[in-house]
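# Structure assessment
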Amino acid sequence: MSDFAYDASHLLGAIVLLMSFALLYQNRLFSLLHVYSAQALTLAAAAAWKGYAHDETHLYVTAGLTLILKAIIIPIALHRIVVKLDIHRAVEPAMSIGATMIAGVSLVTLSILLVLPVTAEASALTREDMALSLSVVLLGLLMMISRRNAVSQVVGFMSIENGLILAAVGVAGMPLIVEMSVAFSVMVAFIIFGIFLFDIRERFDSLDIQKIEQYRGEQE
Amino acid sequence: MTFATAVLLQLVQLLVMLAVAPLLIGWIRWVKSRLVGRRGASPLQPWRDILRLLRKEPVLAHQASPLFRASPYLIFTAIWFAAALVPAFSTDLALAPTADLIALIGFLASARFFLALAGMDVGTSFGGLGSSREMLIAALAEPAMLMVVFSVAILFRTTSLAEIAAQILSHPVGLRISLALALISLLMVAIAENARIPVDNPATHLELTMVHEAMVLEYSGRHLALIEAASHVKLTLYVGLIACVFFPWGMATPGQGFAAGLWGLLTFGFKLVAAGTLLALFETSIAKMRVFRYGEFLGGALLLSLLGAIFLYVSRGV
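A brief report on the enclosed structure follows.

Criteria and thresholds
- Residues numbered from 1 in each chain as written.
- Chains lettered and ligands numbered in written order.
- Predicted model: local features only at pLDDT ≥ 70, side-chain atom pairs only at ≥ 80, totals over all residues.
- Helix = DSSP H or I, 4+ residues; strand = E, 2+ residues; numbered from the N terminus.
- Rg over C-alpha atoms; globule rule 2.2 N^0.38 Å.
- Contact = placed C-beta atoms within 7 Å.
- Buried ≥ 20, exposed ≤ 12 C-beta atoms within 10 Å, placed from the backbone.
- Core = buried A, V, L, I, M, F, W, Y, C linked by C-beta atoms within 7 Å.
- Axes fitted to C-alpha atoms, helices over the stretch in contact; angles between N-to-C directions.
- Parallel < 35°, antiparallel > 145°, perpendicular 65-115°, else oblique.
- Nonpolar A, V, L, I, M, F, W, Y, C, P; charged D, E, K, R; others polar.
- Left-handed = near helix turned anticlockwise from the far one by under 90°.

## A word on the overall build of chain B
Helix and strand counts for chain B come out as 11 helices and 0 strands. Traced from its N-terminal end to its C-terminal end, chain B shows the element sequence α-α-α-α-α-α-α-α-α-α-α. Over its C-alpha atoms chain B spans a radius of gyration of 19 Å, differing by no more than 12% from the 20 Å that the globule rule assigns to 318 residues. In terms of overall dimensions, chain B has C-alpha extents of about 60 × 45 × 45 Å along its principal axes. Taking as baseline every contact in chain B between residues at least 6 positions apart, the subset at least 24 positions apart corresponds to 80%.

This is the structure:
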């Protein structure tokens, strides 16, 4: 693999990670959706570039799926949900943004520390891709636990899935059928989430998850 | 002979930095006013302002201490000297062996120290407010800049600017995650340090959120001219620094002739115009940030540079 091909895929992976940080940094719902769609776009570019560099045609399918589903359809749908439900347009973080960012960097360090010994024999590119995608997954989880609003939690979930696709693209030989099933399961999850959002809203008049907790039955 | 040319080039560099700095500001203002539909003053206007201010008599407050009078000279000298350290068009400078990134940060920090002291000297509330905010920004921006320096130093095994530029010119390192993160972080730091939107608005006086203007509110006449010139040179310095570390193409290296030096000057001019246009575009498309978000913005810069340093150890061939 030539130097330039390595450098470009390396940079695209880094941009996906950077977008995860940008997701954590946003404090408006609409810009959150824009950043999410930018992340999916970069992911599609990364997949297409890998397909081109390794001459693997099925990666183009992955890129196409990512582009259409996650960069266009899901953000537009979420956008419409936000408009339709007339949600308060500010993200309400459960912890301060600065603290979330610090936690994010520690998670990235953690994933590097985890990946380095496991992939000691693998090539630099695989090692780096694993580190990047694990970080994206962990940052998505962080986003889900650090936001109160259900829409931003959905975005966090979707960005976890972006990390999984990034890992799948990085590991040569991941069968297409697995990617397809991941993509479709996310689609199904998205639909379920959509219905849930409407349901939560109808029943509790709010998308703030904290207000639902008192109905869980654990508290006296 | 070679030493003589190095000294000559160093003098040219000093003069170029000083001459070009107000033009860069003027260019940014012109592009900005064009973008919002105004005709805009000529790019020469900052130069005219400085020359006019130099002729005017400074007015001092009764309680101003000698420090208040000395500060403009100290600030201007420190920043101008720092600008002389950043290779703009040729790496063959007499001061190149001393052109250390950490020394550069030291010069900028001492200039900021005196500016903050001068802001508090007369005892107006605006000055103190500006100084405290400047220090808040500095406390976050300086570590971020140092982290950037560390990643660059680990990658190139030197902190000398001239050597970094020469290394990039002779053996390209390619696209690196760490360099990309360092670039973004350095851009954020540069925006904050030069009091540009979204951190500070350079176009206003007497606004509650101002930082730089609040500190220099009490200055007039030639003192103000020096401080204004210093802030212009500082912006040019940051553009030169970013161009030197990340885009050194076109720069002359030792042993090349006169033509290479001229080409270096030409490309430096082009880089300044490009940077000014991009900055103007960025500033017109974004709104000023609340003071309480500075911490998040600069904390983000710090974390990005930290990530860049971390990623150096995952990538191949450190």
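Continuing now.
## A few points about unusual backbone geometry
Residues and elements named next belong to chain B. At the junction of Ile197 and Pro198, the peptide bond is cis and its omega measures out at 10° in the coordinates. Looking at where Pro198 falls in the secondary structure, it is placed in the loop between helix 7 (177-193) and helix 8 (212-215). Of note, the phi angle at Arg157 is positive, near 60°, even though the residue is not glycine. With respect to the helices, strands and loops of the structure, Arg157 is situated in the loop between helix 5 (125-156) and helix 6 (161-170). For Ala195, which is not glycine, the phi dihedral falls at a positive 55°. Ala195 sits in the buried class, given 21 other C-beta atoms within 10 Å.

## A few points about the nonpolar core
In terms of nonpolar packing, the biggest core is built from 161 residues, with Val16 of chain A together with Ile79, Ala144 and Leu298 of chain B touching the most fellow members. Among the elements that make up this core, the one with the highest residue count is helix 9 (residues 221-246) of chain B (15 residues). Beyond its immediate chain neighbours, meaning those up to four positions away, Ile79 of chain B contacts Ala111, Ala230, Val233, Lys234 and Leu237 of chain B.

## Considering the packing of helix 4 (residues 101-121) of chain B against helix 5 of chain B
All names here are of chain B. Between helix 4 and helix 5, the least distance of the axes is 9 Å, while the angle of their chain directions is 170°. By the angle class used here, helix 4 and helix 5 are roughly antiparallel. Of the residues in helix 5, those in contact with Leu101, Ile102, Ile105, Ala109, Arg112, Ala116, Gly119 and Met120 of helix 4 are Gly127, Gly128, Gly130, Ser131, Glu134, Met135, Ala138, Glu142, Met145, Leu146 and Val149. Its residues assigned to classes, the contact of helix 4 with helix 5 shows 11 nonpolar, 5 polar and 3 charged.

## What to know about the packing of helix 3 (residues 66-85) of chain B against helix 4 of chain B
Residue and element names in this part refer to chain B. Between helix 3 and helix 4, the shortest axis-to-axis distance is 9 Å and the interhelical angle comes to 160°. As judged from the angle between their axes, helix 3 and helix 4 are roughly antiparallel. Classified by chirality, the crossing of helix 4 by helix 3 is left-handed. Mapping the contact onto sequence places Leu67, Phe68, Ser71, Leu74, Ile75, Ala78, Ile79, Phe81, Ala82 and Leu85 in helix 3 and Ala103, Leu104, Phe107, Leu108, Ser110, Ala111, Phe114, Leu115, Leu117, Ala118 and Asp121 in helix 4.

## Quick word on the environment of Ile191 of chain A
All names here are of chain A. In this fold, Ile191 is placed in helix 7 (residues 176-204). Note on Ile191: 11 C-beta atoms within 10 Å, which makes it exposed. In this structure the C-alpha to C-alpha distance between Ile191 and Ala77, which are 114 residues apart in sequence, comes to 9.8 Å.

## Concerning the interface of chain B and chain A
Tallying the contact residues gives 15 residues for chain B and 19 residues for chain A. When contributions to the side of chain B that touches chain A are tallied by element, the ones reaching two or more residues are helix 7 and helix 11 (294-311) of chain B. The leading source of residues in the side of chain B that touches chain A is helix 11 of chain B, at 8 residues. Class assignment for the residues of the side of chain B that touches chain A results in 8 nonpolar, 5 polar and 2 charged.

## What about helix 6 of chain B?
Note on helix geometry: an α-helix contains 3.6 residues per turn, so any two residues three or four positions apart are oriented the same way. Looking at helix 6 of chain B, one finds that the buried residues are Leu161, Ala162, Ile164, Ala165 and Ala166 of chain B. Contacts from the buried residues of helix 6 of chain B go to helix 3, helix 4, helix 5 and helix 9 of chain B.

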